[in-house]
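# Structure at a glance
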Protein chains: 4
Amino acid sequence: MAGIRTDLAIEAREFYNKQENRQDIPGVVVDVDKDESYTVTRVKVVEDVGARIIGKPKGNYITIEVPKLRENDRELQEEVGKVLAEEVARLMSLNDQSVIMVVGLGNWNVTPDALGPRVVEHLLVTRHIKEYVPDQIDEGVRSVCAIAPGVLGITGIETSEIIRGIVDKVNPDLVIAIDALASRKMDRISTTIQIADTGINPGSGVGNNRKKLSRESMGVPVIAIGVPTVVDAATMASDTIDMVIDTLINESPESGEFYNMLKSMDKTEKHKLIDEVISPYIGNLMVTPKEIDRLIDDIAIVIANGLNIALHPNVDQDEMNRYLN
Amino acid sequence: MAGIRTDLAIEAREFYNKQENRQDIPGVVVDVDKDESYTVTRVKVVEDVGARIIGKPKGNYITIEVPKLRENDRELQEEVGKVLAEEVARLMSLNDQSVIMVVGLGNWNVTPDALGPRVVEHLLVTRHIKEYVPDQIDEGVRSVCAIAPGVLGITGIETSEIIRGIVDKVNPDLVIAIDALASRKMDRISTTIQIADTGINPGSGVGNNRKKLSRESMGVPVIAIGVPTVVDAATMASDTIDMVIDTLINESPESGEFYNMLKSMDKTEKHKLIDEVISPYIGNLMVTPKEIDRLIDDIAIVIANGLNIALHPNVDQDEMNRYLN
Amino acid sequence: MAGIRTDLAIEAREFYNKQENRQDIPGVVVDVDKDESYTVTRVKVVEDVGARIIGKPKGNYITIEVPKLRENDRELQEEVGKVLAEEVARLMSLNDQSVIMVVGLGNWNVTPDALGPRVVEHLLVTRHIKEYVPDQIDEGVRSVCAIAPGVLGITGIETSEIIRGIVDKVNPDLVIAIDALASRKMDRISTTIQIADTGINPGSGVGNNRKKLSRESMGVPVIAIGVPTVVDAATMASDTIDMVIDTLINESPESGEFYNMLKSMDKTEKHKLIDEVISPYIGNLMVTPKEIDRLIDDIAIVIANGLNIALHPNVDQDEMNRYLN
Amino acid sequence: MAGIRTDLAIEAREFYNKQENRQDIPGVVVDVDKDESYTVTRVKVVEDVGARIIGKPKGNYITIEVPKLRENDRELQEEVGKVLAEEVARLMSLNDQSVIMVVGLGNWNVTPDALGPRVVEHLLVTRHIKEYVPDQIDEGVRSVCAIAPGVLGITGIETSEIIRGIVDKVNPDLVIAIDALASRKMDRISTTIQIADTGINPGSGVGNNRKKLSRESMGVPVIAIGVPTVVDAATMASDTIDMVIDTLINESPESGEFYNMLKSMDKTEKHKLIDEVISPYIGNLMVTPKEIDRLIDDIAIVIANGLNIALHPNVDQDEMNRYLN
């Protein structure tokens, strides 16, 4: 099952299904809800064998796929916000006194990586009001705080160190981390949201002891929310090569021998080869849609609204707007 | 000595000098270096009486005034970077193993408040390289990390709590905090830099127990670097009223009685009155030059360069550029 | 009636009403529609005497005031978009073959001046599709094009020259120009929209023969839509002084003489004096709310939506979204 | 010679050289200047046969290659500005009364496409000063104006129509157009500058009668300056496939038959096939370095400085800075 590199459990699952030509994965329970405009897939990795196959730790991975989410449709955006709120609520267990800390991962200066910081900007943050001027806020409002710590290349500090330092001061009951992801598929960009309760690896960098944000490292439960905003360039090249070779082969069947040789190559080996060939060429590239700035803005608002609903279930929309100003 | 509200020790001193019509302030030692294109004023508050008069804690306040710093002159900008490096170096005591943490205070979404975060972006950050891949970096390079924590209104967490949490993880030997300041005078915006070793109050907000970033709260020395980027609206109104009334009086001396009444009003009382009258009117206003975006960019680079030189004295400019990429 | 400097006919009217203590202005017809969340005031200057009093040419000035428009309420924003569409539709006379050119005035690099360019970004622009691939678009969609020409200080060309040059190539039936305005009152910022059919003066600058965008200069009707985004600093200072002096006088009635002197000063003279006193002090300042970036974004979308509805009355919201992507 | 799609004459030449295994191209004169930190290649297409081979109209194509231009080295940036000024000066013929119009092509909202508009922001624009307040400016300063017209998708108007309309009003003696280009190679991004006197095709879009900005369409000479800021995704995929197949073949020589089949395919046919296969997959993608925002800023300043020197040869750097503020 090597060779698949993806942040999305749902892509890992699709890859396995296709590779192995079977629908079920041992040790993994899948539940799908289809609605007119979106699909919710809940992948629960319950046993180690499933974790190995899917390449992700045991836990819950909920994916909301909304193919038309890029179409600037405010009603759909609001609907998805509510669906997100429900699914996040499934994974958390809070009371009225709970303190929640939202972490916006990523670099606010690199548009496709700015999802986390932009969600933070649109969040209803209340901890300081509840602490200093509690009479100015309804009791039903929970204590929410937020931080966008930047990335290792900017700070020189492991993101998990920064967050753990703040967690030690703030003592939240739950950490929710938002991050931009890479997908294998262009059409997932800004249309797919993954929610997981197994923690998250913030970005990638020079260090090799990169620590996860997880219940283990933070001491409190961690929910991660991710949205694909870039396509991995190596993956795109690899997939393209597969497609092109397939097409070439179909048009000249006599070269079946070469095809079989390619086909029989181990996926990992092949991917490694491609990486070697193209990495000096692609360097520090990112592959992203041209309208990425607008897409990030829109999805950040969807996620912020979803979190505002999930975290403050007793606050109606009008009140929410009042607090947000 | 009430009535003067300014972040700049040099303005407090000018105010006192003018009010009291005397040059020296008890308990305060002043030293001025004039160069063709800049003036460095070192105000040392040595006794409590001086601290009371100047409205600032005992310690060092160094001001670099460069009237032409807004004129887009790269050579002047580089020169000021070097002057800044020297003055910062006066206030710090480091060795080759020292770890320095730079804190960019302010809100990156509000241009005049974005100075701190923008300095952080241009800084030579090395801690992660020294920690994980030390062979990729010269020994002469010090360990520098940086954080732009955002503002209380966005995070819901006191900035000093955030920083202290990170300080506890990183254990720096020195914290350098950068912030945008308010000035009484338009022409100080982006032309004056203040360096102090007495700590800094990050912004202002709803809480009333706002804690300083200082040696007391952080457990390590704190150097604060500030640049005026806005004019305080109430101060501007107050100063304008004084000027207009002066002019009116001069033109119609018969109204001397009213003038004397105004003149005899306690400054604090008068300022309070003005505040009451105008605060519903000015609300959440900021007063800033139109070209503020460019000004902030330029001065952020001056400060980042100055810090890069001060913190890595063994690295020459070429190497610096190499590391910055 | 000198002394009042405002881009808003409604403020000129209020000023006159207050100065002269009378409600009606000769040669001006006023019609007010009040709704729960907004007020529409239609000022029609029908005679020269009215034009002199109000300081604006003969024509229609429609003002939509929405005190809560800054409160991030999407439903209200959509409602105001529809009201704007209706009021703009009153002033234009188009058929299905009409070509409309929208001009976004202002500087996209200076946030409070970026309203026009940002409206252009959100507009449903169709002229190129109708011209080159007409089968890809419904017949009901009108031909709309748009330009954000920048400001004189950036281009070195009078904005009216630029627009006239493009008008000569495109031959539109109507020009709609969007611009940021200055108001006397803080609370008008981003809550008041003015629509006029008398043309518009783009910004201000070094040239003294600044030409209007108007039916005379363009050869086709021009509708101007403006929203206050800054407070004029001199006006703010002047108003503040009036308020403070009023308060001072009330508290010390013996100074009535000085008060009367002030009161008897001609408004123009007084404003000129204030200008002289403060202009070296305030220089190139702008006075604006801290959250101006978000405010401009929101109001730009309201106006773009309003224009999209007004210009393409046969297109429903779903289609609109489809075209916008 | 079909199959090569590039905006750069130098890449077309390299491609030909490699394909045909020969150094000289009939009808093309090449002249190379090598310096320590840059190479200037002047390609002059003098005959139709050369134009056909190189896929570009007859005229001059000057390329400045500066491999280290991305390294944030101010001295190098200034040097390149001067080299650019010299090379641009070779292609223009002006006197003191000449009026020059600079056109910043591209979309200021899409970072890699924002080169043109950002150059315009840093330009010394003087036409309005020379026209309205000529005594405020030295005689040696030429009349320069500038426009960033936006892109067809935003305006609905062919860029060449917009520019021709403005040219008809302003009557410049020379148009200089700046645009972002696509390159085949990642390492050309922001390190290569092409200057040509044969005009430029602004972007690409839905229309099929896209008109060039050229002497023919504008009525005055047009110099185009371009810098690669993106890699063409299809080209990248195609090149990657070639490299991977080469590597695979070398490792398994028995598949020589397939290799020869691939090799014998016409380049155009192959590229078309790849396009067909990947275009639904890559859609509206762009491939760009992560630090693109900084790269665009830096190169925009290099080009603006180069133009400021070329267009105002009698103005020294200090004066330049004074005018720029």
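Our structure's up above, just so we're on the same page.
Residues numbered from 1 in each chain as written. Chains lettered and ligands numbered in written order. Predicted model: local features only at pLDDT ≥ 70, side-chain atom pairs only at ≥ 80, totals over all residues. Heavy atoms only, no water.

### A few points about the pattern of salt bridges
Two side chains bearing opposite charge may form a pair once their charged atoms approach each other closely. All names here are of chain B. What counts here: When a carboxyl oxygen of Asp or Glu lies within 4 Å of a side-chain nitrogen of Lys or Arg, that pair is called a salt bridge. A run of DSSP states H or I qualifies as a helix once it reaches four residues; a run of E qualifies as a strand once it reaches two. Both are numbered from the N-terminal end. Exposure categories follow from relative accessible area, calculated using a 1.4 Å probe and restricted to protein chains: below 20% of the type maximum is buried, above 50% is exposed, and the middle band is partly exposed.
This model, assessed by the stated rule, comprises 64 salt bridges over all chains. Here Lys-58 makes a salt bridge to Asp-48, at a shortest N to O gap of 3.3 Å. Placement of Lys-58 in the loop between α2 (48-54) and β3 (59-65) and of Asp-48 in helix α2 is noted, with a sequence separation of 10 residues between them. Exposure remark for Lys-58: the relative accessible area of 44% places this residue in the partly exposed category. For Asp-48, a relative accessible area of 47% gives the class partly exposed. With a shortest N-O distance of 3.4 Å, Arg-118 and Asp-293 are connected by a salt bridge. Of this pair, Arg-118 sits in helix α4 (residues 115-121) while Asp-293 is found in helix α12 (residues 292-311), placing the two residues 175 residues apart along the sequence. We classify Asp-293 as partly exposed; its relative accessible area is 33%.

### Here we look at the interface of chain C and chain D
The condition that has to hold: In what follows, residue pairs with any heavy atoms lying within 4.5 Å of each other are defined as contacts. Defined in terms of a 1.4 Å probe, buried area is the accessible area two parts forfeit on being brought together, summed over both. Distance and chemistry together define a polar contact, namely a pair of N or O atoms within 3.5 Å, with one atom able to donate a hydrogen and the other to accept it when in protein, and with adjacent residues in sequence counting only for side-chain atoms on both sides. Each residue gets one label: Ala, Val, Leu, Ile, Met, Phe, Trp, Tyr, Cys and Pro are nonpolar, Asp, Glu, Lys and Arg are charged, and the others, such as Gly, are polar.
Contacts between the two partners involve 31 residues from chain C and, on the opposite side, 31 residues from chain D. Buried surface at the junction of chain C and chain D, both sides included, amounts to about 2,900 Å², of which 63% is carbon and sulfur. In terms of surface lost to chain D, no three residues of chain C exceed Trp-108, Tyr-132 and Lys-169 of chain C, which account for 21% of the buried area on that side. Linking chain C to chain D there are four salt bridges. Of the charged contacts in the structure, one is a salt bridge between Glu-161 of chain C and Arg-127 of chain D, with a shortest N-O distance of 3.3 Å. Here chain C and chain D share 14 residue pairs in polar contact (both at pLDDT 80 or more) between them. Breaking the side of chain C that touches chain D down by element, the ones donating at least two residues are α4 (115-121), α5 (127-132), β5 (143-147), α6 (152-155) and α7 (159-170) of chain C. Looking at the side of chain C that touches chain D element by element, the count peaks at eight residues for α7 of chain C. Looking at side-chain class alone, the side of chain C that touches chain D contains 16 nonpolar, eight polar and seven charged residues.

### Details of the pairing of strand β8 (residues 222-231) of chain C
Residue and element names in this part refer to chain C. We count it as follows: The pairing criterion for strands is at least two bridges between them, as found by DSSP.
Along β8, 10 of the 10 residues are buried, which leaves the element largely enclosed by surrounding structure. Judged from the nine bridges that link them, strand β6 (residues 174-183) and β8 form a sheet pairing that is parallel. Bridged to Ala-177 within β8 is Ala-224. The sheet contact formed by strand β7 (residues 192-196) and β8 spans three bridges and is antiparallel. Looking at β8, one finds that Ile-195 is bridged to Ile-225.

### Considerations on helix α7 (residues 159-170) of chain A
All names here are of chain A. Rule in force here: Expected helix span is computed as 1.5 Å times (number of residues minus one).
With 12 residues, α7 extends 16 Å from end C-alpha to end C-alpha; this agrees with the ideal 16 Å at 1.5 Å per step. Of all 12 residues that make up α7, nine are buried, and the element is covered over most of its length. All of the buried residues along α7 are Thr-159, Ser-160, Glu-161, Ile-162, Ile-163, Gly-165, Ile-166, Val-167 and Val-170. Just past α7, the residue Asn-171 takes up positive phi, approximately 50°.

### Some remarks on helix α3 (residues 74-91) of chain D
Here α3 of chain D is 18 residues long and its end C-alpha atoms lie 26 Å apart, about the 26 Å a rise of 1.5 Å per residue gives. Taken together, the buried positions of α3 of chain D are Leu-76, Gln-77, Val-80, Gly-81, Val-83, Leu-84, Ala-85, Glu-87, Val-88 and Leu-91 of chain D. In this structure, the buried residues of α3 of chain D make contact with α3 (74-91) of chain B together with β2 (39-45), β3 (59-65), β7 (192-196), β8 (222-231) and α12 (292-311) of chain D. The opening residue of α3 of chain D is Asp-73 of chain D, an N-cap whose side-chain oxygen sits 3.0 Å from the backbone nitrogen of Glu-75 of chain D.

### Some thoughts on unusual backbone geometry
Located in the positive-phi region is Ser-190 of chain A, a residue other than glycine, with phi close to 65°. Along the chain, Ser-190 of chain A falls in the loop between β6 (174-183) and β7 (192-196). Residue Ser-190 of chain A is classed as buried on the basis of its relative accessible area of 5%. For Asn-171 of chain D, which is not glycine, the phi torsion reads 50° and is therefore positive. Positionally, Asn-171 of chain D belongs in the loop between α7 (159-170) and β6 (174-183). Residue classification places Asn-171 of chain D among the exposed positions, given a relative accessible area of 54%.

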